[in-house]
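Survey of secondary and tertiary structure
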Amino acid sequence: MRYSATLLDHFLNPRNAGLMRDPDGTGVDEYESCGDLARFFLRVRDGRVAEVRFQTYGCGPTIAAASAASERVAGRTVEELLSLKPQEVEDAVDGLPEDRKHAADVVAGALRAAALDALGRYQGEVG
Amino acid sequence: MSRRVYLDHNASTPVHPEVVAEMLPYFGERFGNPSSVHGFGREARAGVDTARERVARFLGAAPDEVVFTSGGTESDNMALKGIAFARGRGHFITSKIEHHAVLRAAQWLETQGFAVTYVGVDEHGMVDPDEVKRALRPDTIGISIMHANSEIGTIQPIAAIGRLARERGIPFHVDAVQTFGKLEFDVDAVGIDLLSFSSHKIYGPKGIAGLYIRKGTKMVSVQHGGEHERRRRAGTENVPGIVGFGKAIEIRGRDMKDEHARLTALRDRLWDGIRARVPEVRLNGHPTERLPGTANLGYRGVESESIVLGLDLKGIGVSAGSACTSGSVEPSYVLVAMGVPLDWAMGAVRHSLGRSTTAEDIDYVVESVEPIVRKLRAVMPVGAA
């Protein structure tokens, strides 16, 4: 099997999949040449990620990467999330084959976009 | 691993045990070169001759009209380029849903000064003979239409197209890689001048295929060298492969009719079972004029590779209609030509059944598909494709 046991587990049993009512931040990223898409929803409390939900459209690794990343980023500050690297997402699924690295790119991109959105809303409220 | 179910017979098939038994001596004591005049060579030659007769009998052809090649791709290339370069210039007609071996050979011929018309298909993937007729030009030198498409299984009206070609004396090539040994046909009755066929789709070995060339068809060789295959295809014959191929087609002649009925019933059991359980699923391909073992199903809004992975984890081998390779994903060009909407085309999964497939296998696949698609749809945003 070309995928890790961790990746397959997340693919078969995705954590935190689905929509969120009234999120504090949402972000989408799409891998243009492939059509893979990830959308994240964040609930933020005291500047930290309290709850994560996601939807993805794409091959198995993209679903797994979104699920694994959703667990990994819970509890982090929104500022920290702004600099989330694809490598960290890839590490969360114990590696990706070369031709599936875009799964980590699209998931990291969507999470950064969601963090930016949450930060903007927060600053909008206090400013 | 618990249960394993192989539903990818249009990709390849396991070699039949009787075929393996027939081939084995030709790796050992009958190793000779068929071109050699001594006894060792004559033994090998006898094996090749028997195989050629078996293939010819199945096609309703003469043995010397059969040329063995290394694969369906070589046969298609030999057919198109052989016609083209025997004439030097002119126009071809083919379809948009041909195998890449025909499409890319045709595209290459365009770069060499030949003209090509690619006719379309209807929503079932069927070529309209009238469209072929309208595409004819005074300088048309060849028509190449496949017998059945590997992805969707739709069987083309080759008899009607063959008549058009014959009335005008235009060579007619049929890529029958997916139908040879699965459907009954006679090259004379259908008016075929060239026909590509392959071994590993019918429980024969890989690396061996053939091209039927009607006597009198003006062709040039694309591979030059020795006098093999009546100077039509140079190179020492793949004797064990040819012998195996001959046995494989003999077995198909024996089993084909029963298998046709059995697989058609199983194919319909699969489709009926899945559509009863899974919402928003469609059958891609002709409802009836279709290969007995082929069912291409499109799941709306789900990416096909994720379904293939989900089924793979249940021990089921099927193939995806779209593939994400090297960072780019294209919906199947066949489904696009049929006008299948993108959000359905991206979720296309091909199931191709074969001699090992049982009703229990089909029921297991039906039961496995529903939760996989349901879970994937829960993750995937509606309308993302």
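Cut-offs applied
Residues numbered from 1 in each chain as written. Chains lettered and ligands numbered in written order. Predicted model: local features only at pLDDT ≥ 70, side-chain atom pairs only at ≥ 80, totals over all residues. Heavy atoms only, no water. Contact = heavy atoms within 4.5 Å. Buried area = accessible area lost by both parts, 1.4 Å probe. Salt bridge = Lys/Arg side-chain N within 4 Å of Asp/Glu carboxyl O. Helix = DSSP H or I, 4+ residues; strand = E, 2+ residues; numbered from the N terminus. Expected span 1.5 Å × (residues − 1). Buried < 20%, exposed > 50% of the residue type's maximum accessible area, 1.4 Å probe, protein only. Patch = residues over 30% accessible without salt bridge, like charges linked within 9 Å, V, L, I, M, F, W, Y side chains within 5 Å. Areas by Shrake-Rupley, 256 points an atom, 1.4 Å probe, with all protein chains shown as cover. Lys, Arg positive; Asp, Glu negative; His and termini not counted. Charge placed at Lys NZ, Arg CZ, Asp CG, Glu CD.

**Side note on the interface of chain A and chain B**
Counting residues at the interface gives 25 residues for chain A, matched by 22 residues for chain B. Between chain A and chain B lies a buried interface of about 1900 Å² when both sides are counted; carbon and sulfur atoms form 67% of it. Contact with chain B buries surface across chain A, with Phe11(A), Cys34(A) and Tyr57(A) losing the most and accounting together for 31% of the total. At the boundary of chain A with chain B, the tally comes to one salt bridge. Across the pair Glu305(B) and Arg100(A) runs a salt bridge whose closest N-O atoms are separated by 2.4 Å. For the side of chain A that touches chain B, the elements supplying multiple residues, two or more each, are helix H1 (5-12), strand S2 (36-45), strand S3 (48-57) and helix H2 (60-73) of chain A. Among the elements that make up the side of chain A that touches chain B, the one with the highest residue count is S3(A) (four residues).

**Points about helix H13 (residues 359-379) of chain B**
Residues lying three or four places apart along an α-helix face the same way, a consequence of the helix completing one turn every 3.6 residues. End to end, H13(B) covers 31 Å across 21 residues, agreeing with the expected 30 Å (1.5 Å per residue, within 8%). Every buried residue belonging to H13(B) is among Asp361(B), Ile362(B), Tyr364(B), Val365(B), Val366(B), Ser368(B), Val369(B), Ile372(B), Val373(B), Leu376(B) and Val379(B), and all of these are buried.

**Describing the environment of Glu22(B)**
Residue and element names in this part refer to chain B. Here Glu22 lies in helix H1 (residues 17-23). With relative accessibility at 27%, the residue Glu22 sits in the partly exposed group. Between the C-alpha atom of Glu22 and that of Ala248, which follows or precedes it by 226 residues, the distance is 9.6 Å. Residues contacting Glu22, with those up to four places away along its chain left out, are Arg54, Val243 and Lys247.

**Notes on the pattern of salt bridges**
Summed over all chains, the structure comprises 35 salt bridges over all chains. We note a salt bridge from Arg76(A) to Glu88(A), for which the minimum N-O separation is 2.3 Å. Of this pair, Arg76(A) sits in the loop between H2 and helix H3 (78-81) while Glu88(A) is found in helix H4 (residues 86-92), placing the two residues 12 residues apart along the sequence. When the shortest N-O distance is used, the salt bridge between Arg254(B) and Asp255(B) registers 3.1 Å.

**What to know about a negative patch on the surface**
Residues and elements named next belong to chain B. On the surface, a cluster of negative charge is contributed by Asp122, Glu123, Asp128 and Asp130. With respect to the secondary-structure elements, Asp128 resides in the loop between strand S4 (115-119) and helix H5 (129-135). Of the residues examined, Asp128 reaches a relative accessible area of 34% and is grouped as partly exposed.

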